[in-house]
Amino acid sequence: SLLWSSLWPTSEKEIKEWMDSILNGKDGEDMLTKSIADLNKHFPGIGSVIIHERDTYMFCKLQQTALAFFRPQEYNGNELIGTYDRSPKTIVAVVGAGHCPGIRDLANKSSAAMVNGDY
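Residues numbered from 1 in each chain as written. Predicted model: local features only at pLDDT ≥ 70, side-chain atom pairs only at ≥ 80, totals over all residues. Heavy atoms only, no water.

Trainee: Can you walk me through the side chain of His-99 in this structure?
Mentor: Mapped onto the secondary structure, His-99 falls in the loop between strand 2 (79-81) and helix 5 (100-116). Exposure remark for His-99: the relative accessible area of 13% places this residue in the buried category. Side chain to side chain, His-99 and Asp-55 meet in a polar contact 2.5 Å long. If sequence neighbours within four positions are ignored, His-99 has contacts with Ile-50, Ile-51, Arg-54, Asp-55 and Met-58. (Helix = DSSP H or I, 4+ residues; strand = E, 2+ residues; numbered from the N terminus. Buried < 20%, exposed > 50% of the residue type's maximum accessible area, 1.4 Å probe, protein only. Polar contact = N/O pair within 3.5 Å; in protein donor to acceptor, adjacent residues only side chain to side chain. Contact = heavy atoms within 4.5 Å.)

Next comes the structure, spelled out in C-alpha cells:
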C-alpha cells in the first residue's frame with residue numbers, strides 16, 4: 001500500500017470522492033450520524049454517557065461562560081454592583097462533530113425557554 005501510493009499518488013478527485021462517500025452515504029445521511037444511531041440502538045447506556053451527557057455538560061459550560069460575560073464584576077462586600085454588559089459577544093468553541101447536533105438542540109431549547117420566560 002505504501003509502495004503503491006508512492007508510485008501512484010492519489011489524485012485530488014479520488015480524495016474528494018472518498019471523503020464524500022464517508023460523509024454522505026447513499027441515502028444522504030453521514031456515517032457519523034449512522035454510527036451514533038447504531039451505538040444508541042445496541043448500547044443505549046454507553047451512547048447516553050458518551051454523547052448525550054457530554055453534550056449537556058459542554059452546553060452548560062458554554063452557557064456559564066456566556067453568562068459570565070454579562071455579569072457585573074465589581075463587588076461591594078458580598079454584593080455585586082455595577083451595570084450588566086448587554087453588548088453582543090462571540091464565544092468560539094471547538095467540539096467533536098458528534099456533539100454538534102445535541103449542543104445545538106440544547107441551545108435552541110434554552111433560547112426558547114428564555115423567550116417564553118421559563119428560564
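Next comes the rest of the description.
Trainee: What's the story with the packing of helix 3 (residues 31-42) against helix 4 (residues 44-70) in this structure? I'm lost.
Mentor: Helix 4 packs onto helix 3 with a crossing angle of 135 degrees between their chain directions and a minimal axis gap of 5 Å. Accordingly, the angle class assigned to the pair helix 3 and helix 4 is oblique. In contact with Ile-36, Leu-39, Asn-40, Lys-41 and His-42 of helix 3, helix 4 contributes Pro-44, Ile-46, Gly-47, Ser-48, Ile-51 and His-52. Grouping the amino acids of the contact of helix 3 with helix 4 by side-chain chemistry returns five nonpolar, five polar and one charged. (Axes fitted to C-alpha atoms, helices over the stretch in contact; angles between N-to-C directions. Parallel < 35°, antiparallel > 145°, perpendicular 65-115°, else oblique. Nonpolar A, V, L, I, M, F, W, Y, C, P; charged D, E, K, R; others polar.)

Trainee: Explanation requested: the pattern of salt bridges in the structure shown.
Mentor: In a structure, side chains of opposite charge can pair up when their charged atoms sit close to one another. Under the counting rule described, the total for this entry stands at one salt bridge. Taking the shortest distance from any N to any O, the salt bridge between Lys-16 and Glu-12 comes out at 3.2 Å. Highlighted residues: Lys-16 and Glu-12, both in helix 2 (residues 12-23), separated by four residues, approximately one helical turn. When its relative accessible area of 52% is taken as the criterion, Lys-16 is described as exposed. We classify Glu-12 as exposed; its relative accessible area is 56%. (Salt bridge = Lys/Arg side-chain N within 4 Å of Asp/Glu carboxyl O.)

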